[in-house]
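# Observations on the model geometry
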Amino acid sequence: MSTPQKIAIVNYGMGNIHTVYKKIQQTNSAPTIVSTAEELLNADKIVLPGVGHFAKAMENLQRNGLLDALNDLVLHKKKPVLGICLGMQLMSKFSEEGDVEGLGWIDAKVMRFQIKDQLTHKIPQTGWNSIQKHGDSPLLKKIDDNAEFYFLHSYHYHAPSYTNVIASTVFEYEYISAVQKENIFGTQFHPEKSHDTGLQLLNNFIAL
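Fair warning: this is a prediction, and the values are worked out from it, not measured in the lab.

Along the polypeptide, Ser-154 turns up in the loop between β10 (148–153) and β11 (155–158). Sequence separation of Ser-154 and Gln-114 is 40 residues, and the distance between their C-alpha atoms is 9.6 Å. Those residues within four positions of Ser-154 in sequence are excluded, and the remaining contacts are Met-111, Arg-112, Phe-113, Ile-123 and Pro-124.

UniProt records the feature "active site" (unreviewed entry) for Cys-85, His-190 and Glu-192 in the present numbering. Maximum C-alpha separation among the annotated residues is 10.8 Å over a sequence range of 108 residues, consistent with a single clustered spot. Among the residues examined, His-190 registers a relative accessible area of 0% and is labelled buried. Contacts of His-190, omitting those with residues within four sequence positions, involve Asn-16, Val-51, Ile-84, Cys-85, Tyr-150 and Leu-152. Mapped onto the elements, Glu-192 comes out in the loop between β14 (184–187) and α6 (195–207).

Definitions and cut-offs
- Along each chain, numbering runs from 1 in the same order as the chain's sequence is written.
- Thresholds applied to this predicted model are a pLDDT of at least 70 for local features of residues and 80 or more for the giving and counting of side-chain atom pairs; totals over whole chains, interfaces and linings are not thresholded and use all residues.
- With hydrogens and water excluded, all non-hydrogen atoms of the structure serve as input to the side-chain values.
- Per the convention used, a helix needs a DSSP run of H or I reaching at least four residues, while a strand needs a run of E reaching at least two, with both numbered from the N terminus.
- Contacts were defined at the residue level, with two residues in contact if any of their heavy atoms lie within 4.5 Å.
- UniProt positions are given in the numbering used here, feature names are shortened, and annotations may be inferred rather than shown by experiment.
- For each residue, the accessible area found with a 1.4 Å probe, counting protein chains only, is set against the maximum for its type, and the residue is called buried under 20%, exposed over 50%, and partly exposed in between.

Structure representation (structure tokens):
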């Protein structure tokens, strides 16, 4: 039997860490919650979760000495990374939430929902919604087109092209809900709250 992969779940003070940890425990891997650059070094893969404010998250990553380590491991050593919700948003170049720069790994910016009918589409988007798959990503293997995932967010990706887009979702209008660029993966939705379909996605990530 192969040794379980070491999955580093990055704790930068933005919540939802333990829900992610418990879900990843259901995969054939060894998840660990880490909060320092040193703890990241031995990881086979990295998960960047999070719920909260973009600017505060970037501030916390900087203060905890995690920015340089993440950039080195992801961009140079090509460690697979999965960003969830705020974690995916942090991978963008810029966010309207706080008007600050992100990690810059994905050519996109994060913008607030521009909803016209706010009686029908309340912000934040909270609850189940379906995804439409784009292309053939290993992250979405064995996941049906129009599969449903759990969402909770007020901001979303906007990109100049769909080059790195592997899924979109409609909430009054279409927006980007999952991305992939080489070893970098992100989901706006929460696989850790999405029952069996979410577990399949996490197993796909572990299997990369």
